[in-house]
Amino acid sequence: MRGAVAALYEQASIVSDAVRRPEGTLETYRESVHKQLVSTMANLNTLAKNREAVLRDFIAEKRTCVSPDAPHSKVTYAILPTANHSRWDRLVDILTIQGFELYQAEKVFSGSGVDRLGLAVNDREFPAGTLLIPGLQPEARLLATLMEFDPHMVTEFLVDERRELLRFDQSLMYEISGWSATMLFDLECVTLDGGVPARAKAQRFSPEVGETDMSISPSPAKVGFVIDGADDASVAAAARLMEQGVQVRVADRNIAFDGRSYARGSVLITQKDNASFTGDLFGVIKDTAQTVGVTATGLSTGMGIGDLPDLGGEHFVLLRAPKIAILGKEPFSPNSFGTCWYAIDHVLGLRASYLDVHRMSDVDLRRYNVIVLPDGPPEAMKDHMEALRAWVGGGGTLVAIGGSTGAIAKAETGIGTIRQLSDILAEPEPYLQAVIREWEGQTASVDPDLVWSHTAATGDKAPPIPWQGAGLTLSLIH
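Bear in mind the structure is a predicted one, so any value in this text is a computation, not a measurement.

Draft legend 1. Inspection of the overall build of the protein chain at higher detail. Counting its regular elements, the protein chain contains 13 helices and 20 strands. By the burial criterion, 31% of the 478 residues in the protein chain qualify as buried. Of the contacts made within the protein chain by residues no fewer than 6 positions apart, 73% connect residues no fewer than 24 positions apart. Of the roughly 30000 Å² of accessible surface on the protein chain, a fraction of 54% belongs to carbon and sulfur atoms.

As structure tokens, then:
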């Protein structure tokens, strides 16, 4: 993807002293390392012997990428600005590390192309600050791999894929087909037709330009502070504040104070809640905001603007400090366990206990209010479901990841009302109706004339299926 010769060094996973091969011999860790070394040296010797030919191919590839006739030269990726600064910054870090040429629009401009669902976008207006990444650049192929929403495979491959799924329930797809950086971070991106629009007055983008001091805002803080929930980092801020004994609330709907609006999920720290806090509350909030990269804005009033909630009402939920346990040991995935531990310990800054799943019967689960199940087979928890069900019934929060969700989403032996698709194929209608109701609850509109007409609605028109308007189709495949 960078125009270099690719070499894959892969050896069967050696997670112990040795692995027994299918024919009965033992593959030792020492032997697996030796094979890696032999393979590496063989490839380096081949590269040295063919140095000139390899360099010529490399230069020819780079010239192709910057040619106006290059496969990816006639598109520009436009990533719209967002209030989720931490998510934006992480994506920009990835793009910058890879050496892509980035630009930023200084003016409002319009453009046409397709969105991430492949739907047409015609003469849409893009705001100033939009990140623009031209397809015409030396790393064009790698850029396309990271940014393409819908890589199209040839028909012959699709036929093979279909047959493999039907005959063996296995896919020929590899992870490359799922790489889309903007979809990973859920940032809105449109693939524009043509190069960087001239009307955008785009300039080379530098991550340092426009950076602001993310800490305490200078506004009065008679009532307390608010951290905008539009940014993922607000969750880490809440976690770290609670870890230091600060009482924290979260808004369950959009709010507005002192002339500013804040997203649902915003974090609030009030003076009233923390009247008994013995430390330097202002200093703790400031240090935490600087650490996680958010702004804590002071509030001079708790009166919401218009009909929006007033501080102190039911829409500001007081959070409980989490006491977390992560289950581990086989058969849970060590990679998934490590990911969970990293997210809780490093990203959120919370303490967590490690529990051996084989010794759960010796543990008093009442010591924890959050239990995390890393990815693993559903049968991993078969001997502990009764204890977990009672613990959840007592108010505990259970987080299951990957295959572990299979143990939870079972009608007879599981916990809660979530079900796997394969288990509801016989009677899918109640679940389909639940999806429609949820969608309608988010998108429904009202006809005032019908509401005040004093007559019942007539006709047998069924409620709209949510995915039809988006050009999508829901299929239940057995």
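Here the narrative resumes, following the displayed structure.
Draft legend 2. A look at the environment of Gly306. Here Gly306 is to be found in the loop between strand S15 (296-299) and strand S16 (316-318). By relative accessible area, which is 65% here, Gly306 ends up exposed. Separated by 71 residues in sequence, Gly306 and Val235 place their C-alpha atoms 27 Å apart.

Draft legend 3. Main features of the packing of aromatic side chains. Scanning all chains against the criterion turns up 5 aromatic pairs. Aromatic side chains Phe109 and Phe126 sit 5.1 Å apart centroid to centroid with 10° between the ring planes, which places their arrangement in the stacked category. A residue pair is termed long-range when its members are at least 10 positions apart, and Phe109 in strand S5 (residues 109-114) and Phe126 in strand S6 (residues 120-126) qualify at 17 residues. The two residues Phe109 and Phe126 agree in class, both being buried. Counting every residue linked through ring pairs, the aromatic cluster contains Phe337, Trp341 and Tyr354. For Arg124, the ring lying beneath its charged end belongs to Phe126, and the centroid distance is 5.5 Å. Over the face of the ring belonging to Tyr103 we find Arg204, whose NZ or CZ atom lies 5.3 Å from the ring centre.

Draft legend 4. Quick look at the pattern of salt bridges. Evaluation of the coordinates by the stated rule reveals 15 salt bridges. Here Arg21 makes a salt bridge to Glu27, at a shortest N to O gap of 3.9 Å. Note on Arg21: relative accessible area 37%, which makes it partly exposed. Judged by relative accessible area, which is 5%, Glu27 ranks as buried.

Draft legend 5. Seen up close, the sheet that holds strand S4 (residues 103-104). Here we have 7 strands laid out as an open sheet, ordered S6-S5-S8-S3-S7-S4-S9, and antiparallel in their pairing. Taken across any chain shown, the strands that pair with only one partner, and hence form the sheet edges, are S6 and strand S9 (203-204). In terms of strand pairing, strand S3 (residues 75-79) meets strand S7 (residues 131-134) through 4 bridges, oriented antiparallel. Looking at the pairing, Thr76 lines up with Pro134 of S7. On the sheet, helix H3 (residues 85-97) packs against S3, S4 and S7 and is oriented at approximately 25° with respect to S7. The strands that helix H4 (residues 140-147) touches are S3, S7 and strand S8 (189-193); relative to S3, the one it contacts most, it runs at about 45°.

Draft legend 6. Here's a closer look at unusual backbone geometry. The omega torsion of the bond from Glu330 to Pro331 falls at 15°, within 30 degrees of zero and hence cis. For Pro331, the position within the fold is in the loop between strand S17 (324-328) and helix H9 (334-347). Unlike most non-glycine residues, Asp123 shows phi in positive territory, near 50°. On the secondary structure map, Asp123 appears in strand S6. Take Asp123: its relative accessible area is 62%, and that puts it in the exposed class. The phi dihedral of Asp186 is positive, around 55°, even though this residue is not glycine. Its location among the elements puts Asp186 in the loop between helix H6 (181-184) and S8.

Draft legend 7. Local environment of the packing of helix H7 (residues 233-243) against helix H8 (residues 281-292). Two numbers describe how H7 lies on H8: the axes approach to 9 Å, and their chain directions differ by 140°. The pairing of H7 with H8 is recorded here as oblique in orientation. Crossing angle aside, the handedness with which H7 passes H8 is right-handed. Contact residues: H7 offers Ala233, Ala236, Ala237, Arg240 and Leu241, while H8 offers Val284, Ile285, Thr288, Thr291 and Val292. Among the residues forming the contact of H7 with H8, the class breakdown is 7 nonpolar, 2 polar and 1 charged.

The rules behind these values
- In every chain, residue numbers begin from 1 and rise along the written sequence.
- Totals for whole chains, interfaces and linings use all residues, but because this is a predicted model, local features are given only for residues with pLDDT of at least 70 and pairs of side-chain atoms are given and counted only at 80 or more.
- The basis for the side-chain values is all heavy atoms of the structure; hydrogens and waters are excluded.
- Numbering goes from the N terminus for both helices and strands, where a helix is a DSSP run of H or I of at least four residues and a strand is a run of E of at least two.
- Partly exposed residues are those whose accessible area sits between 20% and 50% of the maximum for their type, while under 20% is buried and over 50% is exposed, using a 1.4 Å probe and protein chains only.
- We call two residues in contact when some of their heavy atoms are within 4.5 Å.
- What sets the accessible areas is the Shrake-Rupley method with a 1.4 Å probe; for residues, cover comes only from the shown protein chains.
- Working definition: rings of Phe, Tyr and Trp (its six-membered ring) pair if their centres are within 6.5 Å, and the pair is stacked with planes under 30 degrees apart, edge-to-face with planes over 60 apart, and tilted otherwise.
- For a lysine, the NZ atom is tested; for an arginine, the CZ atom; a charge sits over a ring if that atom is within 6 Å of the ring centre and within 35 degrees of the ring normal.
- In what follows, salt bridge is the name for a side-chain nitrogen of Lys or Arg lying within 4 Å of a carboxyl oxygen of Asp or Glu.
- Whether two strands pair depends on DSSP finding at least two bridges between them.
- For helices, the fitted axis covers only the stretch in contact; all axes are lines through C-alpha atoms, and the angles between them, taken along N-to-C directions, range from 0 to 180 degrees.
- The cut-offs work like this: below 35 degrees is roughly parallel, past 145 is roughly antiparallel, 65 to 115 is roughly perpendicular, and the gaps in between are oblique.
- Note on convention: near helix rotated counterclockwise from far helix by under a right angle means a left-handed crossing. Clockwise means right-handed.
- Polar here means any residue outside two lists: the nonpolar Ala, Val, Leu, Ile, Met, Phe, Trp, Tyr, Cys and Pro, and the charged Asp, Glu, Lys and Arg; Gly therefore counts as polar.

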